[in-house]
Structure formats: C-alpha cells, structure tokens
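One letter stands for each residue in the lines below.
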Amino acid sequence: MPVLELDRAFGLVIADAVVMWGLNFYLGGKVMNARNECGVKLPLMYENKDDSKFNCVQRSHMNYVENSSFTLSLLFCGGLCAPRVSAAAGAVHIVGKVLYAQGYSTGNPSMRSKGNIAYLGLFTLVGTSIYSALKIGQLV
C-alpha cells in the first residue's frame, strides 16, 4: 500500500485554515459591534425590520459560517496532492469572503457581490479535491 507523503507546501494549506479561523472571529466581532450599535439584544439573531444594517452584518457572518465546513474540507483534501494550488485558491477565497463581508456590512445587500471572487477560489478547491481523489485512488 503506497504511503502518502505531504509536500512542504502543505504548510501553506494549514496557514490558510488558521487565517479562516481568525476571519470567523473577526466577523463575529463585527456582529457584536453592530449589535451594540443597533441596540439588538441577545438572544435575538436578527432585527425585526426590513432594512437593517445589523441584519446585513449578521448575514455576512452567517454566510461565512455556513460555508466554512465544506470549504475547509475541500482545502485539506485538495491540499493533499495539490498544496500550492489549493493554498492559493484558499487565499483567493479568504479575500473574497472579506470583500463580501465588507460590502454586505454597509447595510446595502447588493454590495456583497464584490466578494464573488470567493467562488473562483471555492471552485478551484473542488477541482483540486477531485484531483486528489483521483490521484490517491491511482486513477490518474
């Protein structure tokens, strides 16, 4: 049975994961600041009005949380056999999520589209994960 050796560049994949962890805490902090600024008390998840800046900040964080589990899974799976490409894709995804949060947090939901670059990183991670699966399965 062949042994899988990790390339030294896998350290970059791990660094991306650590940055993603930090980004989660940063976005959570933005929610707490918006909660204080807008007077939204815990345990309410959302403010009960249509055009709420707090709701936009909260949604930007929740979008990140909703996507982080499979993004991290793809990052690590793709990084097994394509660590440099996966790490670069992870970095693009991180930049995209920061832009998404900055745009959405303005209170104008249409400004979140600036973060669409995150999908370039995400779909690249899907590709590197498929490549890893095929390579580990000795199909390529």
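In this report, the structure presented in the accompanying data block is examined.

Parameters and conventions
Residues numbered from 1 in each chain as written. Predicted model: local features only at pLDDT ≥ 70, side-chain atom pairs only at ≥ 80, totals over all residues. Heavy atoms only, no water. Helix = DSSP H or I, 4+ residues; strand = E, 2+ residues; numbered from the N terminus. Expected span 1.5 Å × (residues − 1). Buried < 20%, exposed > 50% of the residue type's maximum accessible area, 1.4 Å probe, protein only. Arc of directions from axis to C-beta. Contact = heavy atoms within 4.5 Å. Salt bridge = Lys/Arg side-chain N within 4 Å of Asp/Glu carboxyl O.

1. Quick look at helix 4 (residues 117-136)
- For helix 4, spanning 20 residues, the distance from its first C-alpha to its last is 29 Å, which sits close to the expected 28 Å at 1.5 Å a residue.
- Burial in helix 4 covers these residues: A118, G121, L122, L125, T128, S129 and S132. For helix 4, the arc enclosing every buried residue in end-on projection is 125°, short of the 170-degree limit, so these residues lie on one face. Turned more than 90 degrees from where helix 4 packs its buried face, L120 and F123 sit exposed.
- In this structure, the buried residues of helix 4 make contact with helix 2 (53-81) and helix 3 (83-104).
- Just beyond helix 4, the residue with positive phi is Q138, at close to 55°.

2. Quick look at the pattern of salt bridges
- Per the stated rule, a full pass over the model turns up three salt bridges.
- Between R84 and D7 there is a salt bridge, with the nearest N and O atoms lying 3.1 Å from each other. Placement of R84 in helix 3 and of D7 in the segment before helix 1 (10-38) is noted, with a sequence separation of 77 residues between them.
- The exposure class of R84 is exposed, given its relative accessible area of 53%.
- Notably, a salt bridge pairs E37 with K53, separated by 3.8 Å at the nearest N-O pair. Here K53 lies in helix 2 and E37 lies in helix 1, a separation of 16 residues in the sequence.
- For E37, a relative accessible area of 59% corresponds to the exposed category.
- Exposure remark for K53: the relative accessible area of 38% places this residue in the partly exposed category.

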